Structures are given as C-alpha cells and as structure tokens.
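A closer look at the structure
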Amino acid sequence: MMENSSSLLGAAVLGLGRMGATHVEAAKASPFIRRVIGYEPSAETAAERGRELGIATTSNLDEILGDPALQLIYIASPNETHCDLTVQALRAGKAVLCEKPMGTSLTEAQRMLQTQRETDGFLQIGFELRYSRIYRKVKEWIDAGTIGRPLNSHCDYYCSEGHGRGSWRSNSPTSLIAEKLCHYLDLVRWWFGDEVVEVYALAAPNAVGYFRHADNHQICCRYRGGAISSLTFFMHTAQTFHGDPLQDMLAQQCDDGHRLTYLIYGAGGAIETDVFRRRARRWEFIEAADKLHSHLVETVTYPPEEDLLWIHNTHGQNIAVAQGVAQGKRPFPAADDSYESMRLVFAAELSEREHRLVQLSELP
Ligand SMILES: NC(=O)c1ccc[n+]([C@@H]2O[C@H](COP(=O)([O-])OP(=O)(O)OC[C@H]3O[C@@H](n4cnc5c(N)ncnc54)[C@H](O)[C@@H]3O)[C@@H](O)[C@H]2O)c1
C-alpha cells in the first residue's frame with residue numbers, strides 16, 4: 001500500500017553495525033519511509049558504512065535530533081548507549097524503536113520508561129520474537145484454549161559462542177540474561193498473559209574464559225496465577241558446521257548439541273517449538289476412563305528460506321513499526337510491558353548475585 005507522500009516518514013538508524021544494517025534494509029523497504037539516514041559516532045565509520053549500505057550518514061547526532069523531517073529513530077548501537085540515546089530521541093519528539101535490552105540496569109530501564117511517560121512518546125523495545133511466526137503460533141494456540149490454562153513451560157537454549165574474543169559483547173559487563181535471554185523471558189510473560197512474582201537463577205562457572213559475564217544460566221519463575229517456567233541456557237556449544245552449502249546447517253547442529261526449544265504444558269495439552277528442527281507441534285490430552293490419552297493434532301513446519309520470518313523477524317517488526325508510527329498507532333509491545341520483562345531480567349540477575357529467591361515486589 002502506498003501512502004500519500006506528505007505522510008511519509010524520515011527515519012534515522014543510530015549504529016550501523018550488523019543490526020543497524022537490518023534496520024536500514026527494513027526502512028528502505030518500507031512504503032511508509034521516504035528517507036533514511038544513518039549515524040555512527042566516528043566520521044570515518046559513518047562514511048564507510050554509508051557507502052556500504054547506500055545511505056546518507058552523519059557523525060553529528062544533533063543533525064538528526066534537530067531535524068523535524070526525521071520522525072522515527074531506530075537505535076541499534078551497543079547496549080550501554082541505549083538509555084541515553086532513547087532519552088535524547090524521545091525528548092527531541094522522535095518515535096523510537098530501541099533494540100533490546102531496555103537499558104543495562106533497572107535504573108536505566110526506569111529512566112527510559114519515565115521519559116516515555118513524560119513525553120507520551122512512541123517507544124518500542126526490539127522484542128522481535130513477538131513478531132516471529134513460530135512464537136506467534138504458540139500465542140495463537142494458547143489464546144485459542146488448545147492446551148487449557150498454561151501451567152508449565154521450559155526452554156532449552158544451547159548455542160555456539162558467536163560473540164568473539166575482544167568484541168563489545170564479550171567485554172560488556174551486561175549479563176546475557178539482559179542481552180539475550182530477555183527475549184526468551186519476555187515470550188513466556190506474553191504467552192501466559194501473567195506476571196512473574198518470584199524468580200530464582202543460578203549460573204555455573206564459565207566455560208568461555210574471555211567473557212566478562214556468565215555464559216550459562218538456569219532461571220526458574222513463578223507467575224501470579226501459579227504457573228511456573230524455567231529456562232536453561234549455555235553458550236559454549238562447539239560448532240561442527242563448516243559452511244558446506246550442500247548441508248543444512250540446522251540439521252547438522254541438531255546432532256551436535258545445539259538446541260532452542262520450548263515445551264509448554266496445560267491440563268488440556270502441550271505445545272513444543274523446535275528452532276533447530278524448524279517445527280512447532282501441539283498435542284491435545286483427552287481424559288479417557290482408563291488414563292490420559294495424548295494426540296498429536298497439529299505440526300507446523302517451514303522451509304530454510306523462511307527461517308528469519310519464523311524465528312527472528314526483526315525485518316517484520318521494523319516494517320510494522322514504520323507503519324504504526326506513520327498511522328499514529330501505539331507500540332507493540334508497549335514500553336511498560338517491556339519494562340516488566342526487564343524487571344524480571346534484573347530480578348534474575350539479583351537472584352544469581354545474592355544466591356536467593358527474589359520476589360519481583362522487591363524491585364520498583
Ligand atoms: N533483536 C535481536 O535479535 C538482536 C540481534 C542482534 C543485536 N541486537 C541488538 O542490536 C544492538 C547492536 O548489535 P549489533 O550486533 O548490530 O552490534 P555491532 O557491534 O555490529 O554494531 C554496533 C554499532 O554501533 C556503533 N556505535 C558505537 N557506539 C555508538 C553510539 N554511541 N551511538 C551510535 N552508534 C554507536 C558501532 O560503531 C557499531 O557500528 C545491540 O543492542 C544488540 O543487543 C538485537
């Protein structure tokens with residue numbers, strides 16, 4: 001659908017690394033955006049990335065913040081910069097899609113939310129798994145009542161160390177609970193439609209020696225309505241895939257210890273998602289006279305070329321944000337919803353630090 005050119009947006013992308021490039025691509029593809037400009041703090045990097053991405057760039061942030069023709073800002077810079085950039089952009093009257101995490105501390109997350117409230121601005125945090133088809137399918141099945149009230153969910157996430165020695169991620173003190181697992185904690189809150197009241201988290205000694213943070217976690221949550229969830233994460237699975245174009249990378253990784261699955265159970269059935277098998281399934285439980293019977297009733301699969309749409313739909317999220325801002329809609333998820341996920345993240349960090357069960361009511 002083409003928009004009237006007077007209602008088209010100008011967009012800026014702050015941080016032109018890997019994720020910044022995805023934001024630029026989505027902005028260019030959006031029928032709601034007429035102009036994209038990029039920002040990098042170093043003039044040299046700005047010029048270089050501008051050439052590579054085919055967009056105008058600047059290393060002067062004020063040029064972006066002071067330009068009324070730029071209404072939408074995508075923030076794709078390192079985590080430590082999210083809070084300040086979001087606050088500046090909201091105060092300058094811009095709509096903001098800021099990559100997760102929503103700040104690197106509860107104080108930063110609060111500052112971001114507070115600024116959104118004071119300005120009544122558009123602030124969306126990049127919880128893009130809520131736009132990814134495999135996880136939307138889970139939401140659809142739960143909301144349709146196919147498993148009854150969700151009671152128990154478990155996520156297994158075993159992945160390779162992809163951050164690299166010396167990268168900002170490896171050097172960052174931000175925990176992987178905030179940097180990575182915020183997505184996977186946020187999903188369950190969304191699916192259950194309920195808030196976590198208590199959390200207990202543990203980490204074993206690191207396997208990756210050069211991280212400034214833990215590389216593994218086990219996190220247990222209890223929800224207000226009584227449901228529970230757990231998540232096991234380990235970031236040191238050796239990658240055995242060596243780029244053979246005739247082999248399916250995910251199929252190979254299934255057998256070398258990589259795993260990203262959820263199992264969600266209710267009294268009436270169960271749901272499983274399995275990213276490495278490109279599959280979501282659901283079962284219905286039928287109470288017969290003798291015992292409980294289980295029937296596999298639906299299996300959803302997708303081809304490798306649709307991987308991103310199903311498991312990491314950043315592109316779809318960005319396109320939706322441009323449309324939403326152009327049409328005056330509110331963000332999904334709302335900023336206060338994302339803040340709740342970050343409260344859970346920081347409560348889990350606190351639990352791990354202090355080796356104790358943490359009540360979410362302890363946090364503001
Ligand atoms: N939603 C997701 O699934 C997902 C996936 C990957 C990354 N991310 C998030 O995106 C952000 C960027 O990650 P990345 O992988 O693109 O990192 P990256 O290192 O590839 O890129 C970051 C870029 O930001 C630039 N930068 C540094 N300081 C800056 C500042 N003050 N202002 C603006 N730009 C600055 C760097 O020069 C670099 O080009 C991170 O917050 C990360 O958590 C989200």
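Just so it is clear, the structure is predicted and the values come from calculations on it, not from any experiment.

Details of the packing of helix α4 (residues 82-91) against helix α5 (residues 106-119)
Packing of α4 against α5 brings their axes to within 9 Å, and their N-to-C directions diverge by 5°. As summarised for this structure, α4 and α5 are arranged roughly parallel, according to the angle between their axes. Touching His82, Cys83, Asp84, Thr86, Val87, Leu90 and Arg91 of α4 are Glu108, Arg111, Met112, Thr115, Gln116, Glu118 and Thr119, all from α5. For the contact of α4 with α5, a count of residues per class yields four nonpolar, five polar and five charged.

Topic: the environment of glutamate 352
Looking at where glutamate 352 falls in the secondary structure, it is placed in helix α12 (residues 335-354). Take glutamate 352: its relative accessible area is 16%, and that puts it in the buried class. Taking the C-alpha atoms as reference points, glutamate 352 and glutamine 218, 134 residues apart in sequence, are found 9.4 Å from one another. Glutamate 352 has contacts with Ile177, Ala201, Leu202, Ala203, Ala214 and His217, leaving out every residue within four places of it along the chain. A polar contact is formed between the side chain of glutamate 352 and the side chain of histidine 217, at a distance of 2.7 Å.

Concerning the sheet that holds strand β2 (residues 33-39)
Overall, parallel pairing links the six strands, which are arranged β3-β2-β1-β4-β5-β6 in an open sheet. A single partner strand is all that each edge strand has here, and the edge strands are β3 (56-58) and β6 (123-125). When the angles between neighbouring strand axes are averaged without regard to direction, this sheet yields 20°. Bridging between strand β5 (residues 95-98) and β6 involves three bridges; their strand directions are parallel.

Parameters and conventions
- Residues numbered from 1 in each chain as written.
- Predicted model: local features only at pLDDT ≥ 70, side-chain atom pairs only at ≥ 80, totals over all residues.
- Heavy atoms only, no water.
- Axes fitted to C-alpha atoms, helices over the stretch in contact; angles between N-to-C directions.
- Helix = DSSP H or I, 4+ residues; strand = E, 2+ residues; numbered from the N terminus.
- Parallel < 35°, antiparallel > 145°, perpendicular 65-115°, else oblique.
- Contact = heavy atoms within 4.5 Å.
- Nonpolar A, V, L, I, M, F, W, Y, C, P; charged D, E, K, R; others polar.
- Buried < 20%, exposed > 50% of the residue type's maximum accessible area, 1.4 Å probe, protein only.
- Polar contact = N/O pair within 3.5 Å; in protein donor to acceptor, adjacent residues only side chain to side chain.
- Pairing = 2+ DSSP bridges.

So, to be careful, I would describe these as geometric facts and stop short of saying anything about function.
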